[in-house]
2 protein chains.
Amino acid sequence: MSIFNFFGKQRTAPAARERLQVLLAHERVSAGSDLISLLREEILAVIAKHVQVDSERVRVTMDRDEHMSILEIDVEIPLGASVRAA
Amino acid sequence: MSIFNFFGKQRTAPAARERLQVLLAHERVSAGSDLISLLREEILAVIAKHVQVDSERVRVTMDRDEHMSILEIDVEIPLGASVRAA
């Protein structure tokens with residue numbers, strides 16, 4: 001399955017707003033390092049720097065099994081919300 | 001299909017190294033804003049801050065159709081590479 005399908009199938013129709021989805025998967029050998037938790041706040045900060053983000057429209061979920069941690073960030077971007085270059 | 005399956009199926013066996021995959025999908029209403037290109041460099045910088053990254057082991061691909069832009073970052077993390085907290 002192409003990644004477009006994966007994201008596309010969840011597409012809300014009609015697109016009355018824009019949407020940013022971020023998926024992070026860390027495939028680990030040992031259970032030790034928790035890279036995903038380290039990256040989470042900083043990636044949210046990078047997004048907030050460029051997009052007007054309403055905290056109520058940001059969904060953050062984390063999943064973890066023996067060898068993989070997954071972080072999913074789903075941001076609804078209201079139409080007309082400005083995208084700041086820097 | 002759960003997201004674990006999506007990432008899991010590409011799992012390299014046996015895991016002789018760790019792997020970080022980042023997927024960003026921006027579902028747009030208009031073709032205008034190029035949020036993914038804006039976020040790309042800063043997310044790579046956040047990753048490099050926390051993980052010893054060898055530029056030859058980082059694959060960055062971008063795809064774009066009429067209403068969606070997708071960025072995929074695939075980082076191979078050599079075993080024993082340090083994960084820095086800050």
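Residues numbered from 1 in each chain as written. Chains lettered and ligands numbered in written order. Predicted model: local features only at pLDDT ≥ 70, side-chain atom pairs only at ≥ 80, totals over all residues. Heavy atoms only, no water.

If you check an unreviewed UniProt entry, chain A appears there as Cell division topological specificity factor from Rhizobium mesoamericanum STM3625. Here chain A is described in UniProt, under the heading Sequence similarities (unreviewed entry), as follows: "Belongs to the MinE family." As stated in UniProt under Function (unreviewed entry), the record for chain A gives "Prevents the cell division inhibition by proteins MinC and MinD at internal division sites while permitting inhibition at polar sites. This ensures cell division at the proper site by restricting the formation of a division septum at the midpoint of the long axis of the cell." (UniProt positions renumbered as here; feature names shortened; annotations may be inferred.)

Enquirer: Explanation requested: the overall build of chain A in the structure shown.
Expert: On a plain count of helices and strands, chain A comes out with two helices and three strands. Within chain A, buried positions represent 40% of all 86 residues. Of the contacts formed within chain A by residues at least 6 apart in sequence, a portion of 64% connects residues at least 24 apart. Carbon together with sulfur atoms contributes 53% to the accessible area of chain A, which is approximately 4,200 Å² in total. (Helix = DSSP H or I, 4+ residues; strand = E, 2+ residues; numbered from the N terminus. Buried < 20%, exposed > 50% of the residue type's maximum accessible area, 1.4 Å probe, protein only. Contact = heavy atoms within 4.5 Å. Areas by Shrake-Rupley, 256 points an atom, 1.4 Å probe, with all protein chains shown as cover.)

Enquirer: Sorry if this is basic, but what is going on with the nonpolar core here?
Expert: Across soluble globular proteins, nonpolar side chains show a tendency to be buried alongside one another. Ranked by size, the top nonpolar core spans 29 residues in total, and within it A:Leu20, A:Leu24, A:Ile43, B:Leu20, B:Leu24 and B:Ile43 carry the most contacts. Of all the secondary structure elements, the ones that give two or more residues to this core are β1 (18-27), α2 (35-50) and β3 (68-77) of chain A together with β1 (18-27), α2 (35-50) and β3 (68-77) of chain B. The contacts of B:Ile43, once residues within four sequence positions are left out, are A:Ile43, A:Val46, B:Val22, B:Leu24 and B:Ile73. (Core = buried A, V, L, I, M, F, W, Y, C linked by side-chain atoms within 4.5 Å.)

Enquirer: Teacher, can you tell me more about the pattern of salt bridges here?
Expert: Where charged atoms from two side chains of opposite charge approach closely, those side chains can pair. In the structure shown here, the tally under the stated rule is 18 salt bridges over all chains. Between A:Arg19 and A:Asp74 there is a salt bridge whose closest N-O contact spans 2.8 Å. Of this pair, A:Arg19 sits in strand β1 while A:Asp74 is found in strand β3, placing the two residues 55 residues apart along the sequence. In this structure A:Arg19 comes out as buried when scored by relative accessible area, which is 13%. Assessed through its relative accessible area of 6%, A:Asp74 is described here as buried. Each of A:Arg19, A:Arg59, A:Glu72, A:Asp74 and B:Glu27 takes part in a single network of salt bridges with overlapping partners. (Salt bridge = Lys/Arg side-chain N within 4 Å of Asp/Glu carboxyl O.)

Enquirer: For this particular structure, what's the right way to read the packing of α2(A) against α2(B)?
Expert: Packed helix pairs are characterised by how far apart their axes lie and by the angle those axes make with each other. Two numbers describe how α2(A) lies on α2(B): the axes approach to 10 Å, and their chain directions differ by 150 degrees. Taken together, the axes of α2(A) and α2(B) are roughly antiparallel relative to one another. In this structure, α2(A) crosses over α2(B), and the sense of that crossing is right-handed. In this structure, α2(A) contributes A:Leu35, A:Leu38, A:Leu39, A:Glu42, A:Ile43, A:Val46, A:Ile47, A:Lys49 and A:His50 to the contact, and α2(B) contributes B:Leu35, B:Leu38, B:Leu39, B:Glu42, B:Ile43, B:Val46, B:Ile47, B:Lys49 and B:His50. Grouping the amino acids of the contact of α2(A) with α2(B) by side-chain chemistry returns 12 nonpolar, two polar and four charged. (Axes fitted to C-alpha atoms, helices over the stretch in contact; angles between N-to-C directions. Parallel < 35°, antiparallel > 145°, perpendicular 65-115°, else oblique. Left-handed = near helix turned anticlockwise from the far one by under 90°. Nonpolar A, V, L, I, M, F, W, Y, C, P; charged D, E, K, R; others polar.)

Enquirer: Honestly, the environment of B:Asp74 in this entry has me stumped. Any pointers?
Expert: Measuring from C-alpha to C-alpha, the distance between B:Asp74 and B:Val22 comes to 6.5 Å, with 52 residues separating the pair along the chain. In this structure, B:Asp74 is in contact with B:Arg19, B:Leu20, B:Gln21, B:Arg57, B:Val58 and B:Arg59, ignoring residues within four places of it in sequence.

Enquirer: Explanation requested: the sheet that holds β1(B) in the structure shown.
Expert: Each strand in a sheet pairs with another by means of backbone hydrogen bonds, the pair being arranged parallel or else antiparallel. Ordered in space as β2(A)-β3(A)-β1(A)-β1(B)-β3(B)-β2(B), the six strands form an open sheet in which the pairing is antiparallel. In this open sheet, the two strands that pair with only one neighbour each are β2 (58-64) of chain A together with β2 (58-64) of chain B. Adjacent strand axes in the sheet meet at a mean angle of 10 degrees when their direction is disregarded. Bridge count for β2(B) against β3(B) is seven bridges, and the pairing is antiparallel. If you follow B:Arg64 over to β3(B), its bridge partner there is B:Ser69. (Pairing = 2+ DSSP bridges.)

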